[in-house]
Every structure is written in C-alpha cells, then in structure tokens.
Amino acid sequence: MSLGSGPDGKRRRRKVSGRSRAEVKEKLQPLHAEMREGVRSSASYTVKDAVDDWIAQGLAGLSAKTISTNREVLAPLTALIGAVKLRELPAAHVRAALGKLAATRSTRTVQIAHNGLARAIRYAEADDLVGRNVAALVTAPKGQEGRPSRSLTLAQARALIEASESSRLHAYIVLCVLTGCRTEEARALRWDHVELEGDPDGAAALWRCGGRCARTGT
C-alpha cells in the first residue's frame, strides 16, 4: 500500500502479509482508515522513538535543565512501555505504567511523566505518525507523599526578621525573606546595587506587610 512520498522524494510503502486473501484484506483495513485520516504511522515507530524525538526537537530552545529533567522523569516510563509500537499503544498500557510509577514516586513526578508522555505523543500526532493521543485519555494516579514543605510560616518569618535586627546580616535576611530570592543571588548583591534614597513611605509599607510579602511574593 502506497503512503505517498517521503521527504527524500522516495515512495513510502506499507506491506502486510497473511495466509489467505481474506486475512490480508482484514489487515489492510486499518491502513486504509489511517490513510483517510491522513495518518502515516510506521510499523517500527515505538513509544521510545516518540519520546526521544520530542526531547531532541520538541524542547528545542528550552534550558538544559528542563530537557534533562524531562529525560530523567520519562526514563522509567519508557523502560516500561518504550518498546511498544506507538500506533498500537492502548490507554490501558499507559494507565498501568503510570500506576507502577505511582507506587514508588511522588505525585508530582508521576504528573510530570504523564504530561511529558502526552506531549511527546502529541508531537508525533502533529507529524501524522499516530492517529490519536491515548495518553491524553488517561488521568495520572496519585503517587507517594513528597517531602514536607520547608517554607517559613508567617509567624516564623516575622520572628526571624525580628531576631536578626541586631545582626550585620539583617539586610540580607530581610531581602531573602521579603523577596523570596535565592541566597546565592542575594550574596552576589553589592551596596552599589541598592537605591538608598528610595521611597520612605513605600519602604515602610513594605516593612509593615512583613511575612505576608514573603508568602505571596508581593
């Protein structure tokens, strides 16, 4: 069955075989259905191929950290279903694989893995390599409890600011608490980066908001 020409101009063909004419005809039916829908799926294109293509091309322009995170989170998932042909991947396989991840990983990790898989299949879908995105039909299960939050409460933030008033690190601590900037970012600041004139009323308002600013980032 001809699938038209590829990017190199060569004709692309799909072949099926069977023990009888009826069996061959039955196998050709889904191929004709794909043709009507404009899908040009490959019999050898796997879930892992789709994930690898998405990471290599679909995330172009994003930070190395983002790309690395997606690769690491999706690795356990592709280890479970990566060898499955993409066009033959059922939603039940995706649901079962996510369930296995949820048994040992946090809810957030499972969600990232599910989202990454859905985006990878959507990327393949845009290239007509698959007819539908089965990962989008599945709801990610709840995973294990993540690490408890180490954020300061409002009372703790106020107590920290008050306790540091006599310390030479007071300005550094106030800046970190009220703006939420990273400590390594705050350590790089110098006094010539600070506008000392400023707006006294605005500064007073900022001080009065106390820990609320630390919590909301305002």
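Just so it is clear, the model here is predicted, and its values are computed rather than measured.

A. Just the overall build of the protein chain, in detail. Each helix and strand counted, the protein chain has ten helices and two strands in total. For the protein chain, the succession of helices and strands along the chain, N to C, is β-β-α-α-α-α-α-α-α-α-α-α. Among the 218 residues that make up the protein chain, the fraction classed as buried is 28%. Accessible area of the protein chain: about 14,600 Å², with a carbon and sulfur share of 51%.

B. Fine view of the pattern of salt bridges. Under the criterion given, the structure shown has three salt bridges. Between glutamate 145 and lysine 142 there is a salt bridge whose closest N-O contact spans 4.0 Å. Residues glutamate 145 and lysine 142 agree in their burial class; the two are exposed. Between arginine 182 and glutamate 185 there is a salt bridge; the shortest N-O distance is 3.4 Å. When its relative accessible area of 38% is taken as the criterion, glutamate 185 is described as partly exposed.

C. Representation of the packing of helix 2 (residues 47-58) against helix 3 (residues 64-81). For the pair helix 2 and helix 3, the least separation of the axes is 10 Å and the interaxial angle reads 175°. Taken together, the axes of helix 2 and helix 3 are roughly antiparallel relative to one another. Across from Val47, Val51, Trp54 and Ile55 in helix 2, the residues of helix 3 making contact are Ile67, Asn70, Arg71, Leu74, Thr78 and Ile81. Partitioned by chemical class, the residues of the contact of helix 2 with helix 3 number seven nonpolar, two polar and one charged.

D. Region of the structure containing the confidence of the model for the protein chain. For the protein chain, mean pLDDT is 81; residues scoring 70 or higher make up 77% of the total. Per-element averaging of pLDDT across the protein chain places helix 10 (residues 211-216) at the bottom with 41 and helix 4 (residues 91-102) at the top with 95. Note on residues 204-218: pLDDT under 50 across the span, and 17 contacts to partners over four residues away in sequence or across chains.

E. Layout of the environment of proline 90. Here proline 90 lies in the loop between helix 3 and helix 4. A sequence separation of 44 residues divides proline 90 from valine 134, and the C-alpha atoms of the two residues are 6.5 Å apart.

F. Representation of the packing of helix 3 against helix 5 (residues 107-126) within the structure. The geometry of helix 3 relative to helix 5 is characterised by a closest axis approach of 9 Å and an angle of 65° between their N-to-C directions. Classified by the angle their axes make, helix 3 and helix 5 are roughly perpendicular. Here helix 3 runs over helix 5; the crossing is right-handed. The segment helix 3 lies against helix 5, with Val73, Leu74, Leu77 and Ile81 engaging Thr109, Ile112, Ala113, Gly116 and Leu117. Residue composition of the contact of helix 3 with helix 5, by class: seven nonpolar, two polar and no charged.

G. Region of interest: helix 2. Of all the positions in helix 2, only Val47, Ala50, Val51, Trp54 and Ile55 are classed as buried. Down the axis of helix 2, the buried side of the element spans an arc of 130°, and every buried residue falls inside it.

H. Fine view of the nonpolar core. Grouped together as the largest cluster of nonpolar side chains are 32 residues, with contacts concentrated most on Leu77, Ile81, Leu86, Val94 and Leu117. Residue assignment for this core shows that the elements contributing at least two residues are helix 2, helix 3, helix 4 and helix 5. No other element matches the seven residues that helix 5 contributes to this core. Residue contacts for isoleucine 81: discarding those within four places in its chain leaves Val47, Leu89, His93, Val94, Ala97 and Leu117. Among the nonpolar cores identified, the runner-up in size contains six residues, and Ala157, Ile173, Val174 and Leu178 belong to it.

I. Geometry of helix 4. Between its first and last C-alpha, helix 4 extends 16 Å over twelve residues, near the 16 Å set by a 1.5 Å rise per residue. Turning to helix 4, its buried residues are Ala91, Val94, Ala97, Leu98, Leu101 and Ala102. Projected down its long axis, helix 4 carries its buried residues within an arc of 140°, all on one side.

Rules and cut-offs
Residues numbered from 1 in each chain as written. Predicted model: local features only at pLDDT ≥ 70, side-chain atom pairs only at ≥ 80, totals over all residues. Heavy atoms only, no water. Helix = DSSP H or I, 4+ residues; strand = E, 2+ residues; numbered from the N terminus. Buried < 20%, exposed > 50% of the residue type's maximum accessible area, 1.4 Å probe, protein only. Areas by Shrake-Rupley, 256 points an atom, 1.4 Å probe, with all protein chains shown as cover. Salt bridge = Lys/Arg side-chain N within 4 Å of Asp/Glu carboxyl O. Axes fitted to C-alpha atoms, helices over the stretch in contact; angles between N-to-C directions. Parallel < 35°, antiparallel > 145°, perpendicular 65-115°, else oblique. Contact = heavy atoms within 4.5 Å. Nonpolar A, V, L, I, M, F, W, Y, C, P; charged D, E, K, R; others polar. pLDDT = per-residue confidence, 0-100. Left-handed = near helix turned anticlockwise from the far one by under 90°. Arc of directions from axis to C-beta. Core = buried A, V, L, I, M, F, W, Y, C linked by side-chain atoms within 4.5 Å. Expected span 1.5 Å × (residues − 1).

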